[in-house]
Amino acid sequence: MSGESDCTRTSPSAGSPSDSEFLPDRPKYVCTLSPDLVTKAREELQEKPEWRLRDVQALRDMVCKDYPSLGTCLDDAFLLRFLRARKFDYDRALQLLVNYHTCRRTWPEVFSNLKPSAIKPVLESGFVTVLPHRDPQGRHVVCIRPDRWTPSNYPITENIRAIYLTLEKLIQSEETQVNGIVILADYKGVSLSKASHFGPFVAKKVIGILQDGFPIRIKAVNIINEPRIFKGIFAIIKPFLKEKIANRFFLHGCDLNSLHQNIPPVILPEEYGGTAGKLDISAWNELLLASEEDFLHDFSELVLPCDSSPHDLLVSGDADEKQCDDSLRGMKPQLYYCY
């Protein structure tokens, strides 16, 4: 379904009685939230069930008016992800949606041929997985282990692709849209040569996606077993972090008791002092690989604003890359010092 065909189809105005009467071919939204999560969404995200479809239609109308050729899905359930991620602020939700597509267009190394089967080697390495149990706040825990990556096997962008698809799968759940996720990153065994692949240009791209280009709420980032070199890595990352996100980073070192204050042992595998058995990556891999069809969507390129041109974007992108390359040269002495 193309964005142009959706936007050119007659659609009701915001607040009209029944969207489905006008758009019979669009899937009808059915809320899957429990009563407790409906209450949580109302209190934390400003989501009012009685206004939900009106809000979705308002965002849909804005997309069709301002970005008629965006090429985005306009289903209720899809647009709700962006409204929830921005607490039902229409303007911010629209910007997030545009950023979502802009990111996909401007980083082809990550987003071309993006499907689970294409990143199977990364999944099999155990670089990224999702723990089988949610935490007490109902949040999935995404476990990232950089030591499982061998740079000679494939570039760092393959790891980013695997993380992105993991988040895409998780955000399909309304429960995750409301509760958010927690990240557990184990930096055990990360060497200077491996860290050098994550320079400012890649850092800026990844953080830009997670902060401003993807509809997910990252509630905490727990770093475990970080070596001294992580000070250098964090020095690269921190300038791109918003204060709210930076305050959600927790560095535990080798202190499992510190980690357990944020993530209870009952949901952690034995490798992290938990009681949930050995870390098993097979269940998540099977689930993601079985979702191949979910990711076979046609994402059209974002239409350029009338006062821009492809050349303007290219020059801007080159300037950003040059600036990041200059920053990387400045950061390398810090990495060596920390190492």
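Residues numbered from 1 in each chain as written. Predicted model: local features only at pLDDT ≥ 70, side-chain atom pairs only at ≥ 80, totals over all residues. Heavy atoms only, no water.

Our focus in this paragraph is the overall build of the protein chain. Counting its secondary structure elements, the protein chain contains 17 helices and 5 strands. Per-residue burial over the protein chain gives 49% buried out of 339 residues. Pairs at least 24 residues apart make up 77% of the contacts formed inside the protein chain by residues separated by at least 6 positions. Per element, the accessible surface of the protein chain, about 16,500 Å² overall, is 53% carbon and sulfur. (Helix = DSSP H or I, 4+ residues; strand = E, 2+ residues; numbered from the N terminus. Buried < 20%, exposed > 50% of the residue type's maximum accessible area, 1.4 Å probe, protein only. Contact = heavy atoms within 4.5 Å. Areas by Shrake-Rupley, 256 points an atom, 1.4 Å probe, with all protein chains shown as cover.)

Below, the discussion takes up helix 16 (residues 282-289). All buried positions along helix 16 are accounted for by Trp 284, Asn 285 and Leu 288. On an axial view of helix 16, the arc spanned by its buried residues comes to 100 degrees, and they lie on one face. Its buried side turned inward, helix 16 meets helix 8 (120-125), strand 1 (128-130) and helix 9 (156-170). (Arc of directions from axis to C-beta.)

Right, let's get into the pairing of strand 3 (residues 181-186). On a regular strand, one side chain projects to one face of the sheet and the next to the other, so that they alternate. Most of strand 3 is tucked away, with 6 of its 6 residues classed as buried. Side chains Ile 181, Ile 183 and Ala 185 of strand 3 all project onto a buried face; the interleaved residues Val 182, Leu 184 and Asp 186 project onto the opposite face, where all are buried too. Across 5 bridges, strand 2 (residues 140-144) lies against strand 3 in parallel orientation. Note on strand 3: the bridge partner recorded for Ile 144 is Ala 185. Pairing geometry for strand 3 and strand 4 (residues 218-224), over 6 bridges, is parallel. Following the sheet pairing, Ile 183 is matched in strand 4 by Val 221. (Pairing = 2+ DSSP bridges.)

A word on the packing of helix 4 (residues 52-66) against helix 5 (residues 76-85). As a packed pair, helix 4 and helix 5 sit with axes 9 Å apart at the nearest point and diverge in direction by 90 degrees. Taken together, the axis directions place helix 4 and helix 5 in an arrangement best described as roughly perpendicular. Across the interface between the two elements, Arg 52, Leu 53, Asp 55, Val 56, Leu 59 and Arg 60 of helix 4 pack against Asp 76, Leu 79, Leu 80, Leu 83 and Arg 84 of helix 5. Tallied by class, residues from the contact of helix 4 with helix 5 come to 6 nonpolar, no polar and 5 charged. (Axes fitted to C-alpha atoms, helices over the stretch in contact; angles between N-to-C directions. Parallel < 35°, antiparallel > 145°, perpendicular 65-115°, else oblique. Nonpolar A, V, L, I, M, F, W, Y, C, P; charged D, E, K, R; others polar.)

What follows is about the confidence of the model for the protein chain. On average, the protein chain scores 84 in pLDDT, and the residues at 70 or more come to 80%. The low-confidence segment residues 8-24 (pLDDT under 50) makes 21 contacts with residues lying over four places distant or belonging to another chain. The low-confidence segment residues 298-339 (pLDDT under 50) makes 46 contacts with residues lying over four places distant or belonging to another chain. (pLDDT = per-residue confidence, 0-100.)

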